[in-house]
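The chain contents come next:
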Amino acid sequence: MDAAFAGAPARFRPTRQQALGHGLYVGGLMSVVGVGGGLVAAVAGLHWAAVPAPPSWVWLLLAVGPALVAAPVGLLVGRRQAVVVDADGIRTVAPFTRAVEPWSRVVDLRAERRGGRTVVSVYLDTGTSVQLCAPYSGGMFAADPQFELKVGALSHLWRSHRFGGVPC
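Residues numbered from 1 in each chain as written. Predicted model: local features only at pLDDT ≥ 70, side-chain atom pairs only at ≥ 80, totals over all residues. Heavy atoms only, no water.

1. Some remarks on a nonpolar patch on the surface
Okay, step 1: Taken together, Leu20, Leu24, Met140 and Phe141 make up a surface patch of nonpolar side chains, about 380 Å² in accessible area.
Okay, step 2: Tracing the backbone through its elements, the reader meets Met140 in the loop between β7 (129-137) and α3 (147-163).
Okay, step 3: Overall, Met140 belongs to the exposed group, its relative accessible area being 72%. (Patch = residues over 30% accessible without salt bridge, like charges linked within 9 Å, V, L, I, M, F, W, Y side chains within 5 Å. Areas by Shrake-Rupley, 256 points an atom, 1.4 Å probe, with all protein chains shown as cover. Salt bridge = Lys/Arg side-chain N within 4 Å of Asp/Glu carboxyl O. Helix = DSSP H or I, 4+ residues; strand = E, 2+ residues; numbered from the N terminus. Buried < 20%, exposed > 50% of the residue type's maximum accessible area, 1.4 Å probe, protein only.)

2. A short note on the environment of Glu148
Okay, step 1: Within the fold, Glu148 resides in helix α3.
Okay, step 2: On the accessibility criterion, Glu148 (61% relative accessible area) is exposed.

3. Remarks on the pairing of strand β6 (residues 117-124)
Okay, step 1: Burial of β6 is extensive: 7 of the 8 residues sit out of reach of the surface.
Okay, step 2: In this structure, strand β5 (residues 106-114) lies alongside β6, joined through 8 bridges in antiparallel fashion. Counted as the bridge partner of Asp108 is Tyr123 from β6.
Okay, step 3: Between β6 and β7, which pair antiparallel and follow one another directly, the connecting turn spans 4 residues, one of which, Gly127, has a positive phi of 95 degrees. (Pairing = 2+ DSSP bridges.)

4. Focus: the pattern of salt bridges
Okay, step 1: In the structure shown here, the tally under the stated rule is 7 salt bridges.
Okay, step 2: Of the charged contacts, one joins Arg91 and Asp86 as a salt bridge, the two residues approaching to 2.6 Å between their closest N and O atoms.
Okay, step 3: Here Asp144 ties to Lys150 by a salt bridge, and the two come within 2.9 Å at their closest N and O atoms. When sorted by exposure, Asp144 lands in the same class as Lys150, which is buried.
Okay, step 4: Beyond isolated ion pairs, a larger network of salt bridges with shared partners links Asp108, Arg110, Glu112 and Arg114.

5. What to know about the sheet that holds β5
Okay, step 1: Pairing is antiparallel in the open sheet, where 3 strands are placed in the order β5-β6-β7. Each having just a single partner strand, β5 and β7 make up the two edges of the open sheet. Averaged over all pairs of adjacent strands, the angle between strand axes in this sheet comes to 25 degrees, irrespective of strand direction.
Okay, step 2: Where β6 meets β7, 5 bridges bridge the pair, whose relative direction is antiparallel. (Axes fitted to C-alpha atoms, helices over the stretch in contact; angles between N-to-C directions.)

6. Here we look at the confidence of the model for the protein
Okay, step 1: When the pLDDT values of the protein are averaged, the result is 77; 74% of them are 70 or greater.
Okay, step 2: Predicted confidence is poor over residues 1-5, with pLDDT under 50, and the contacts of this stretch with residues over four places away or in other chains come to 11 contacts. (pLDDT = per-residue confidence, 0-100. Contact = heavy atoms within 4.5 Å.)

7. Looking at unusual backbone geometry
Okay, step 1: With an omega dihedral of -5 degrees, the bond running from Ala134 to Pro135 counts as a cis peptide bond.
Okay, step 2: Structurally, Pro135 is set in strand β7.

8. Focus: the nonpolar core
Okay, step 1: In terms of nonpolar packing, the biggest core is built from 19 residues, with Phe12, Val85 and Ile90 touching the most fellow members.
Okay, step 2: Listed by contribution, the elements that provide at least two residues to this core are β1 (10-12), β2 (82-86), β5, β6, β7 and α3.
Okay, step 3: Top contributing element to this core by residue count: α3, with 6 residues.
Okay, step 4: Excluding residues that lie within four positions of it along the chain, Ile90 makes contacts with Val83, Val84, Val85, Ala99, Val100, Glu101, Trp103, Leu109, Val122 and Leu132. (Core = buried A, V, L, I, M, F, W, Y, C linked by side-chain atoms within 4.5 Å.)

As structure tokens, this is what we get:
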């Protein structure tokens, strides 16, 4: 973050722990859908034809397999999300979206509670707010021990660009 004060961009990303937690969450949802879909297929198969029930390892694979696949995928995708702060403004970078909010449009920057997390919201001159994908902090896997430092750095960069003081 020190390089950001010298004009180089600052980059904020979810921590590895946060990305892994997101992957496990998505994997858990996929497991529920997989088991539900497997049950529907089994019931339909037993109803319409005399098909023997699948072995127990198939149910275990349906229950645990999606979580084992989604955890590393969530880790990779979660770490690719970022917020880049530079002389142009605040830029969000995600695998499928990119957005830039120039400093001239940013009116306020706050840490707020949303659900079970504390997130950074950027308020714009249009009256809308944008929730940044990083940094954030919450319970268990969503905890970020350096959250306050990151919010302080973001606030300092915003104030410096808003009121002058940071060379471009």
